Amino acid sequence: MPATDDVRLFLALWPDEAVADALHAASGRLQALCGGRRMRRDTLHLTLVFMGDTPRARLPALMAALAQVALVPAELRLDHYGRWRPGITWWAPSDPPAALLQLVDNLRTTLDGLGLKYDRKAFKPHVTMLRHGHPPPAWPDDAPLVWPIRGFRLVASSTEGEQGPEYQVLESYQVDA
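Read on for a plain summary of the structure.

The rules we used
- Residues numbered from 1 in each chain as written.
- Predicted model: local features only at pLDDT ≥ 70, side-chain atom pairs only at ≥ 80, totals over all residues.
- Heavy atoms only, no water.
- Helix = DSSP H or I, 4+ residues; strand = E, 2+ residues; numbered from the N terminus.
- Buried < 20%, exposed > 50% of the residue type's maximum accessible area, 1.4 Å probe, protein only.
- Contact = heavy atoms within 4.5 Å.
- Pairing = 2+ DSSP bridges.
- Axes fitted to C-alpha atoms, helices over the stretch in contact; angles between N-to-C directions.
- Phe/Tyr/Trp six-rings, centres within 6.5 Å; stacked < 30°, edge-to-face > 60°.
- Left-handed = near helix turned anticlockwise from the far one by under 90°.
- Salt bridge = Lys/Arg side-chain N within 4 Å of Asp/Glu carboxyl O.

## Some thoughts on the environment of V127
Examined against the element boundaries, V127 turns out to sit in strand 7 (residues 127–131). With a relative accessible area of 0%, V127 lands in the buried category. Between the C-alpha atom of V127 and that of T89, which follows or precedes it by 38 residues, the distance is 8.6 Å. Among residues more than four places away in sequence, those in contact with V127 are L23, L44, H45, L46, L78, T89, W90, W91 and W147.

Written out as structure tokens, the structure reads:
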């Protein structure tokens with residue numbers, strides 16, 4: 001449990017309305033095949049860096065540093081489904097764009113520069129679609145979903161409850177168009 005002066009943070013791609021609609025529709029098709037708990041439309045995202053419990057006092061410096069992170073527009077192509085134990089069903093790119101991988105590297109370098117902790121596991125881009133589902137007899141034959149990458153968000157999360165996690169976007173960082 002985080003100390004009261006800590007906030008649980010992550011950095012993420014957040015879908016626009018059209019992508020969120022497509023992700024939510026796909027999660028419905030998956031739920032029909034796999035059962036489980038569908039992610040709410042308002043929580044669908046792709047985590048770039050999970051930071052976990054972070055001192056609230058560090059937020060101003062973090063937000064200022066994130067505003068300086070280089071971001072190149074790109075397109076993410078979600079084209080295959082998969083499953084991790086215990087019952088996490090996801091949608092992911094077969095070939096993540098170089099700009100996405102560079103963004104994650106830039107974010108990690110920024111966090112290192114601030115001396116902030118984060119999950120250092122290898123980055124495996126995916127969108128969690130279902131929790132507690134079973135393997136499907138076959139994956140849906142969905143057309144790839146193209147997700148324009150035009151920014152990222154700093155997000156605070158609360159502990160999962162009956163309806164799943166609650167997220168609060170603290171700041172959005174966008175490519176200058």
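Having seen the structure, we can now continue with the description.
## Re the sheet that holds strand 9 (residues 151–157)
Overall, antiparallel pairing links the four strands, which are arranged 3-1-9-10 in an open sheet. In this open sheet, the two strands that pair with only one neighbour each are strand 3 (46–55) and strand 10 (167–174). Sheet twist, expressed as the mean angle between neighbouring strand axes with direction ignored, is 20°. Two elements, strand 1 (residues 6–13) and strand 3, share eight bridges in a ladder whose sense is antiparallel. Across the sheet, the residue bridging to R8 is D53, located in strand 3. In the packing of helix 3 (residues 98–114) onto the sheet, contacts are made with strand 1, strand 3 and strand 9, and the angle to strand 3 comes to roughly 10°.

## A look at the packing of aromatic side chains
Scanning the entire structure with this criterion turns up six aromatic pairs. With 5.9 Å between their ring centres and 20° between their planes, Y81 and W139 make a pair best called stacked. Taken together, the residues span a long stretch of sequence, with Y81 in strand 5 (residues 80–84) and W139 in the loop between strand 7 and strand 8 (145–149) at a distance of 58 residues. Take Y81: its relative accessible area is 9%, and that puts it in the buried class. Given a relative accessible area of 34%, W139 falls into the partly exposed group.

## With respect to the packing of helix 2 (residues 59–66) against helix 3
A pair of packed helices is captured by two measures, namely the crossing angle of their axes and the spacing between those axes. Axis separation between helix 2 and helix 3 bottoms out at 10 Å; the angle between their running directions is 145°. As for how helix 2 packs across helix 3, the hand of that crossing is right-handed. Two secondary-structure elements touch here, helix 2 through A61, L62, A65 and L66 and helix 3 through L107, T110, L111 and L114.

## Details of the pattern of salt bridges
Applying the stated rule across the entire model yields eight salt bridges. The residue R41 makes a salt bridge to E17 at a minimum N-O spacing of 2.7 Å. Taken together, the residues span a long stretch of sequence, with R41 in the loop between strand 2 (37–38) and strand 3 and E17 in helix 1 (residues 17–34) at a distance of 24 residues. Put simply, R77 and D79 hold a salt bridge, and the shortest N to O gap is 3.2 Å. Judged by its relative accessible area of 44%, R77 falls in the partly exposed class. The network of salt bridges with common partners includes E17, D21 and R41.

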